[in-house]
Amino acid sequence: MKNSSSGNSASLPEIRDSVTFVISEGKPYTISRIAIEGLESLPNQFQPELTEHVTIKTGQRWSRVIAAKEVQRLMSILIENGYPNVRYDSLVVEHTQGLHTVNVLIYFHPGHRYKYGPVHIVFDTTAVEKSRVADNVILAQLYTDSGHWYQLSSVQRSELRLARLGTFD
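Please read all numbers here as calculations on a predicted model, not as lab measurements. (Residues numbered from 1 in each chain as written. Predicted model: local features only at pLDDT ≥ 70, side-chain atom pairs only at ≥ 80, totals over all residues. Heavy atoms only, no water.)

## Points about a nonpolar patch on the surface
Reasoning step 1: A cluster of nonpolar side chains, contributed by Val19, Phe21 and Ile23, occupies part of the molecular surface with about 410 Å² of accessible area.
Reasoning step 2: With respect to the secondary-structure elements, Ile23 resides in the segment before β1 (30–37).
Reasoning step 3: With relative accessibility at 68%, the residue Ile23 sits in the exposed group. (Patch = residues over 30% accessible without salt bridge, like charges linked within 9 Å, V, L, I, M, F, W, Y side chains within 5 Å. Areas by Shrake-Rupley, 256 points an atom, 1.4 Å probe, with all protein chains shown as cover. Salt bridge = Lys/Arg side-chain N within 4 Å of Asp/Glu carboxyl O. Helix = DSSP H or I, 4+ residues; strand = E, 2+ residues; numbered from the N terminus. Buried < 20%, exposed > 50% of the residue type's maximum accessible area, 1.4 Å probe, protein only.)

## Quick word on the pairing of strand β3 (residues 101–109)
Reasoning step 1: Pairing between β1 and β3: seven bridges, direction parallel. When the bridges of β3 are listed, Ile34 appears paired with Val104.
Reasoning step 2: Pairing of strand β2 (residues 87–95) with β3, which is carried by eight bridges, proceeds in the antiparallel orientation. Counterpart to Val92 in the pairing with β3 is Leu105.
Reasoning step 3: Hairpin connection, β2 to β3: the antiparallel pair is bridged by five residues, and Gly98 has positive phi, about 90°. (Pairing = 2+ DSSP bridges.)

## Comments concerning the packing of aromatic side chains
Reasoning step 1: Inspection of the entire model under this criterion finds two aromatic pairs.
Reasoning step 2: Judged by centre distance (6.1 Å) and plane angle (55°), the ring pair of Tyr88 and Phe108 falls under tilted. In this pair, Tyr88 is assigned in strand β2 and Phe108 in strand β3, connecting sequence segments 20 residues apart.
Reasoning step 3: Judged by its relative accessible area of 36%, Tyr88 is partly exposed.
Reasoning step 4: With centroids separated by 6.0 Å and ring planes inclined at 40°, the aromatic side chains of Tyr116 and Tyr150 adopt a geometry described as tilted. With Tyr116 in the loop between β3 and α3 (135–140) and Tyr150 in the loop between α3 and α4 (152–164), this pair connects stretches of sequence that are 34 residues apart.
Reasoning step 5: Using a relative accessible area of 15% as the deciding quantity, one classes Tyr116 as buried. (Phe/Tyr/Trp six-rings, centres within 6.5 Å; stacked < 30°, edge-to-face > 60°.)

## What to know about the pattern of salt bridges
Reasoning step 1: Applying the stated criterion across every chain yields a total of three salt bridges.
Reasoning step 2: Measuring nitrogen to oxygen at the nearest pair gives 2.7 Å for the salt bridge that ties Arg16 to Glu14.
Reasoning step 3: A relative accessible area of 69% means that Arg16 is categorised as exposed.
Reasoning step 4: Residue Glu14 is classed as exposed on the basis of its relative accessible area, which comes to 63%.
Reasoning step 5: Here Arg61 makes a salt bridge to Glu25, at a shortest N to O gap of 3.9 Å. You can see Arg61 sitting in the loop between α1 (47–52) and α2 (64–79) and its partner Glu25 sitting in the segment before β1, a full 36 residues away along the chain. Like Arg61, the residue Glu25 is exposed in the burial classification.

Structure representation (structure tokens):
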């Protein structure tokens, strides 16, 4: 800051203060019950993976982040086992007045289960430049097999290998 009368600059004294926040959250909420709805009708082969490796458990401290990770885990399992259109509907957390517990309800809609069908290669005959890649070269890039359940990871790996050919848009 300049002093207008003398033309000298004078600095202001440095003032420091500290602010302390004391937060008392109270007793943490724990999970008293977990229910996952919408997956009961899936084939029995899924039940162990869906239920035995659950990352959210009763008696555990409630955390929305941990619940969201469990939803993602379940979605990944379903997408990798033939359910590409699985939808997570909602996560309902019910609290009973006077208790420090919550009930967690997770709702899914798995949708239809899909298998790969036979691969049909169709070339674009309207392109200005006509270039053909042999069918067996294309088929060799695919990780998808007719009759197997849909897996997102197989589709992604196939797309990556096809892109490496440098032939496709």
